[in-house]
Amino acid sequence: MRIIKLSSNDVDFPDRSSVDRYFDATLPKRNPVGQFVFTKGRIAEGGMEAGEPLVFTYGSKITHLAKSASGRLLNPQCDQSQYPYYFLVDLETLQLVKDIPLSKFEESLTGIGLTKNLVRSQGWPRVPDSETVERLWACLSVVL
């Protein structure tokens, strides 16, 4: 599982409503569909697999869940100097989440024996895969 932290410093996400517009309107129109571009250093080569659960956050709150439809790919488009990589978001798995605090999810992981600093990390932390972690992700809005 990968935590993707969206930032208000990114031109695409100046406020919370822009995050929803990005997932609702921008990603479906990308070529390829679901293309999520990102900067160097966010995901290592081989650091993401197709089908991996994704948790998108904005301002320390979980906003969306999805699964990846690819691993990390090279971005051949013109903005590759700023965004050299991308992965595909499986839009059929995309779910809106009602701004659940990331700290609650971190507490849930601690409760199953996984100590992971999600809230204070500036990167896009990875949570080791397991059936329990997958269940937490699948019912995130119910469990928390």
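Cut-offs applied
- Residues numbered from 1 in each chain as written.
- Predicted model: local features only at pLDDT ≥ 70, side-chain atom pairs only at ≥ 80, totals over all residues.
- Heavy atoms only, no water.
- Helix = DSSP H or I, 4+ residues; strand = E, 2+ residues; numbered from the N terminus.
- Buried < 20%, exposed > 50% of the residue type's maximum accessible area, 1.4 Å probe, protein only.
- Contact = heavy atoms within 4.5 Å.
- Expected span 1.5 Å × (residues − 1).
- Bend = angle between axes of the 7 residues up to and from the residue.
- Pairing = 2+ DSSP bridges.
- Salt bridge = Lys/Arg side-chain N within 4 Å of Asp/Glu carboxyl O.
- Core = buried A, V, L, I, M, F, W, Y, C linked by side-chain atoms within 4.5 Å.
- pLDDT = per-residue confidence, 0-100.
- Lys, Arg positive; Asp, Glu negative; His and termini not counted.

**A look at the side chain of Ser18**
Working step 1: Along the chain, Ser18 turns up in helix 1 (residues 16-29).
Working step 2: Overall, the relative accessible area of 5% leaves Ser18 in the buried class.
Working step 3: What Ser18 contacts, discounting residues up to four positions off in sequence, is Asp12 and Phe13.

**What about helix 1?**
Working step 1: The terminal C-alpha atoms of helix 1 lie 20 Å apart, and with 14 residues this matches the ideal 20 Å at 1.5 Å per residue to within 8%.
Working step 2: Of all the bends found along helix 1, the most pronounced is centred on Tyr22 and spans about 40°.
Working step 3: Along helix 1, the residues classified as buried are Ser18, Val19, Tyr22, Phe23 and Leu27.
Working step 4: Packed against the buried residues of helix 1 are strand 1 (2-6), strand 2 (35-38), strand 3 (53-58), strand 4 (61-68) and strand 6 (85-101).

**Quick notes on the pairing of strand 1**
Working step 1: Extensive coverage of strand 1 is indicated by the burial of five of its five residues.
Working step 2: What you see with strand 1 is no split at all: Arg2, Ile4 and Leu6 on one side and Ile3 and Lys5 on the other are buried throughout.
Working step 3: Across five bridges, strand 1 lies against strand 3 in parallel orientation. Looking at strand 3, one finds that Ile4 is bridged to Phe56.

**Comments concerning the pattern of salt bridges**
Working step 1: Evaluated as defined, the whole model comprises five salt bridges.
Working step 2: Across the salt bridge formed by Arg16 and Asp99, the nearest N and O atoms sit 2.8 Å from each other. Of this pair, Arg16 sits in helix 1 while Asp99 sits in strand 6; the two residues are 83 residues apart in sequence, bridging distant segments of the chain.
Working step 3: Taking the relative accessible area as the measure of exposure, Arg16 reaches 21% and is therefore partly exposed.
Working step 4: Among the salt bridges present, the one from Glu134 reaches Lys67, with a minimum N-O distance of 2.9 Å. With Glu134 in helix 3 (residues 131-138) and Lys67 in strand 4, this residue pair connects regions lying 67 residues apart in the sequence.
Working step 5: Within the structure, one salt-bridge network assembled from shared partners comprises Arg16, Asp20 and Asp99.

**Focus on the nonpolar core**
Working step 1: Counting 19 residues, the largest nonpolar core has Leu6, Phe36, Phe56 and Phe87 as the members making the most contacts within it.
Working step 2: For this core, the secondary structure elements donating two or more residues are strand 1, helix 1, strand 2, strand 3 and strand 6.
Working step 3: Among the elements that line this core, the one with the most residues is helix 1, at four residues.
Working step 4: In this structure, Phe56 is in contact with Ile4, Leu6, Phe23, Phe36, Lys61, Ile62, Thr63, His64, Ala66, Phe87 and Val89, ignoring residues within four places of it in sequence.
Working step 5: Judged by nonpolar contacts, the second largest core, of 16 residues, contains Met1, Val55, Leu65 and Trp137.

**With respect to the confidence of the model for the protein**
Working step 1: For the protein, the average pLDDT comes to 90, and 97% of its residues sit at 70 or higher.
Working step 2: The element-level mean pLDDT for the protein is lowest in helix 4 (residues 140-143), coming to 56, with helix 1 highest at 96.

**Notes on the side chain of Arg2**
Working step 1: Position of Arg2 relative to the elements: it lies in strand 1.
Working step 2: Buried charge without a partner: Arg2 forms no salt bridge, and the closest opposite charge is Glu52, 4.3 Å away.
Working step 3: Not counting residues within four places of it along the chain, the set of residues in contact with Arg2 comprises Arg42, Ile43, Gly47, Met48, Glu52, Pro53, Leu54, Val55, Trp124, Pro125 and Arg126.

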